[in-house]
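Structural overview
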Amino acid sequence: MTMTNLDQTVDPLLQEIVGPTPGQRLRGRVFGHMGLLIGVGVLGVLLFIAIFAPLLAPHDPYAQALMSRMKPPVFLGGTWEHPLGTDHLGRDYLSRLIYGARVSLMIGVIAATISGVIGTAMGVAAGYFGGRVDTVVTFLINVRLAMPVVLVALAVVAVMGGSLQVVIVVLGLLLWDRFAVVMRASTLQVRRRDYVTAARAIGASTPRIIWSEIMPNIANNLIVVVTLEMAHAILLEAVLSFLGLGVQPPTPSWGLMVSEGKNMMLFEPWLVMIPGAVLFVLVLAINLMGDGLRDVTAPEDRS
Amino acid sequence: MLKFILKRLGLALLVALTVSFISFTLLFLSGDPAASLAGESATDQDVAAIRELYGFDRPMLVQYSSWLMDALRGDFGESYYFKLPVASLLAERLQVTMLLGLCGISFALLTAVPLGVLAAIRPNSIIDRFALFLSVAGQALPSFWFGLILIVAFSIKLQWLPASGTATWKHFIMPTVVLGYYAMPAIMRLTRGGMLEVLSSDYIRTARAKGASEGRVMFKHALRNAIIPVVSLAAVQMGFMLGGSIVVESIFALHGAGYLAWESISRNDLPTVQALILVFSMFYIVFTFLADVLNAWLDPRMRTG
């Protein structure tokens, strides 16, 4: 008797039973997706930096040193005392960048959470109940889309006074449109499925059906929109702060740093380049993660 | 068709009315305009006098309806800062912004559509990957930073293009690119997706089978059908772009409506801000309305909506 190679002799039916579990297949897709891995990796590093900012920053981000202003970064002939140089008030640029990660990530996470709660509630209600609820929600989405976000956010932040809290709340209250659109469409897709009908047949209450039958099945789309809107909120905060009507000095916001560096751009372009590049990398990482999550969780679009 | 247009028009008007009400309320609720107008050193009597002069002491709904009635006649009041009628200020500043918006959307269409078509003809080729990379990176690129990079590169280092102003066509090159690139990823993805879908359809196979040349298949048969959704997306993007012009105009010091928005917001010039929010949202509403009508005209299946 010869040894048979087990892998070759397993018949297809058995293969299906002992083959990779859905969890293993998901893991396989996740680790096979380059963009997702890069996005999660970079975002993880930035998150780590933001959380441990006090330990990582070489200097106090607010400490001014007027004797050592506009020191160039180390790769432009500076010293390791200030690896990325100092700004027009002599503050250590690297330390301000590190604390800036906190501002950006905090705005992204909290604003996306606020708008996510509003938009998901509206979208799921519209999709599930239909009829008048749907008409009202669709109308509200249309109204929201017609409002110029940058202009309204600027105007409201300007009259309320620019602070981190105001910016977060205003962005949170403005960016719910995509949540509502996507959650409405996703709910419409699943609400006629057999498991929803079955839950209704055994007498489950409406909140229970929505919470334990609908929500888990549209959660993958929700996660993708959360990442997109996080990136959106972070970019908008940077725009508002850049225009001088968002987070106010001396808060270390990346958009504000670009704006402060703008006046010295002619001679010291790195003052503008560095914070902008970090902002670009953060938003790119979040978008890569969002695109990747959509690829690995959407069963029908898988190639 | 007429019924669809009327229904859609009614919706557009209702949306416009709601937007105007919300924007009015937002600015109304956000503090005492009389106090900020009067300035730091004003006495209580000054504030009260200003409140009466501008009618801030009336109930909000009364103020809103009188503002709306005036606005419908094209009278947006007088700018607090410029001391000019807001309507004429807007008419003057909107010219630059409209020109910029048209240039921006043309740039986006002229680059994104060919790129999307090329990407769809050869999926997973180098061009396709390049297009995908551009669209992912483009969405993450902060517009204000992109604008400043262009200024550093082309105005300061190379000295090819002027950094600010509107004197010649050269002044519009960088603003056009910065405003237009933001619409590119969405247009490109939609063109690529539409082309891929159309190219696998039966009538393309038929066209090929009857011996039509590849160029004829691509342009006469495929692109004409794939471009329909792109047209309506472009209209929507055009509406968004006017909002994006705030950033672009402030970077390149173009004195258009976006710059006016920034100026009047920083100076608490409420009548101008209110008029601008209304005008910008009207543009969006008109563009999406036109796009919907165009779509319904091109594709009868849409008329049921």
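Residues numbered from 1 in each chain as written. Chains lettered and ligands numbered in written order. Predicted model: local features only at pLDDT ≥ 70, side-chain atom pairs only at ≥ 80, totals over all residues.

With respect to the overall build of chain A
Each helix and strand in chain A was counted, giving 14 helices and 0 strands. Starting at the N terminus and walking to the C terminus, you meet the elements of chain A as α-α-α-α-α-α-α-α-α-α-α-α-α-α. Seen through its principal axes, chain A has C-alpha atoms that stretch 80 × 70 × 30 Å. By residue count, 46% of the 303 residues in chain A fall in the buried class. Taking contacts inside chain A between residues at least 6 apart in sequence as the whole, the part at least 24 apart equals 71%. (Helix = DSSP H or I, 4+ residues; strand = E, 2+ residues; numbered from the N terminus. Buried ≥ 20, exposed ≤ 12 C-beta atoms within 10 Å, placed from the backbone. Contact = placed C-beta atoms within 7 Å.)

Remarks on the overall build of chain B
The number of helices and strands found in chain B is 13 helices and 0 strands. Reading the secondary structure of chain B in the N-to-C direction produces α-α-α-α-α-α-α-α-α-α-α-α-α. Principal-axis analysis of the C-alpha atoms gives chain B an extent of 85 × 60 × 30 Å. For chain B, buried positions account for 38% of its 305 residues.

Overview of the interface of chain B and chain A
With 34 residues of chain B in contact, the opposing surface of chain A contributes 35 residues. Sorting the residues of the side of chain B that touches chain A by element identifies α1 (2–29), α6 (126–140), α7 (143–157), α11 (214–251), α12 (257–266) and α13 (270–298) of chain B as the ones contributing at least two each. Considering every element that reaches the side of chain B that touches chain A, the biggest residue donor is α13 of chain B, with 7 residues. Split into classes, the residues belonging to the side of chain B that touches chain A amount to 25 nonpolar, 9 polar and no charged. (Nonpolar A, V, L, I, M, F, W, Y, C, P; charged D, E, K, R; others polar.)

Let's talk about the packing of helix α9 (residues 184–199) of chain B against α11 of chain B
Residues and elements named next belong to chain B. Taken N-terminus to C-terminus, the directions of α9 and α11 make an angle of 155 degrees; their axes are 8 Å apart at the nearest point. Accordingly, the angle class assigned to the pair α9 and α11 is roughly antiparallel. Our pair here, α9 against α11, has a crossing hand that is right-handed. Residues Ala186, Ile187, Leu190, Thr191, Gly194, Met195, Val198 and Leu199 of α9 form the contact with α11, whose own contacting residues are Ala222, Asn225, Ala226, Pro229, Val230, Leu233, Ala234 and Gln237. (Axes fitted to C-alpha atoms, helices over the stretch in contact; angles between N-to-C directions. Parallel < 35°, antiparallel > 145°, perpendicular 65-115°, else oblique. Left-handed = near helix turned anticlockwise from the far one by under 90°.)

Here's the deal with unusual backbone geometry
For the peptide bond that leads from Pro249 of chain A to Pro250 of chain A, omega is 5 degrees, which places it in the cis range. Within the secondary structure layout, Pro250 of chain A lies in the loop between α12 (206–242) and α13 (254–262). For Asn268 of chain B, which is not glycine, the phi dihedral falls at a positive 60 degrees. Secondary-structure assignment places Asn268 of chain B in the loop between α12 and α13.

Remarks on the confidence of the model for chain B
With 94% of its residues at a pLDDT of 70 or more, chain B shows a mean pLDDT of 82. Here the prediction assigns the complex a pTM of 0.86, and the interface score ipTM is 0.84. (pLDDT = per-residue confidence, 0-100.)

Things to note about α7 of chain B
Think of an α-helix as 3.6 residues a turn; residues three or four steps apart then line up on the same face. Over its 15 residues, α7 of chain B runs 20 Å from end to end, which matches the ideal 21 Å to within 8%, given 1.5 Å per residue. Maximal helix bending in α7 of chain B amounts to about 25 degrees, located at Ile151 of chain B. All of the buried residues along α7 of chain B are Phe144, Trp145, Phe146, Gly147, Leu148 and Ile151 of chain B. Looking at the packing, one finds that the buried side of α7 of chain B touches α12, α13 and α14 (270–297) of chain A together with α8 (173–181) and α11 of chain B. Directly after α7 of chain B, the chain includes Gln159 of chain B, whose backbone phi takes a positive value near 55 degrees. (Expected span 1.5 Å × (residues − 1). Bend = angle between axes of the 7 residues up to and from the residue.)

Comments concerning the packing of helix α5 (residues 86–121) of chain B against α13 of chain B
Residues and elements named next belong to chain B. Running from N to C, α5 and α13 cross one another at 50 degrees; their axes reach a closest spacing of 10 Å. One finds that α5 runs oblique with respect to α13. α13 is crossed by α5, and the crossing has right-handed handedness. Contacts from Val86, Leu89 and Leu90 of α5 reach α13 at Pro271, Thr272, Ala275 and Val279. Within the contact of α5 with α13, the residues separate by chemical class into 6 nonpolar, 1 polar and no charged.

Regarding the nonpolar core
Counting residues in each nonpolar core, the largest one holds 168 residues, and the members touching the most others are Ala153, Leu154, Ala155 and Leu171 of chain A together with Ile187 of chain B. With 17 residues, α12 of chain A is the single largest residue contributor to this core. (Core = buried A, V, L, I, M, F, W, Y, C linked by C-beta atoms within 7 Å.)

Overview of the environment of Met184 of chain B
Residue and element names in this part refer to chain B. The topology assignment puts Met184 in helix α9. Look at Met184 and you get buried, because 23 C-beta atoms sit within 10 Å. Distance in space between the C-alpha atoms of Met184 and Ala112 is 5.4 Å, their sequence separation being 72 residues. If near-sequence neighbours (up to four positions away) are discounted, Met184 is found in contact with Ala108, Thr111, Ala112 and Gly138.

Details of α8 of chain B
Residues and elements named next belong to chain B. When you tally the buried positions in α8, you get 7 out of 9 residues, the bulk of the element. All of the buried residues in α8 are Met174, Pro175, Thr176, Val178, Leu179, Gly180 and Tyr181. Against α5, α6, α7, α9 and α11 lie the buried residues of α8.

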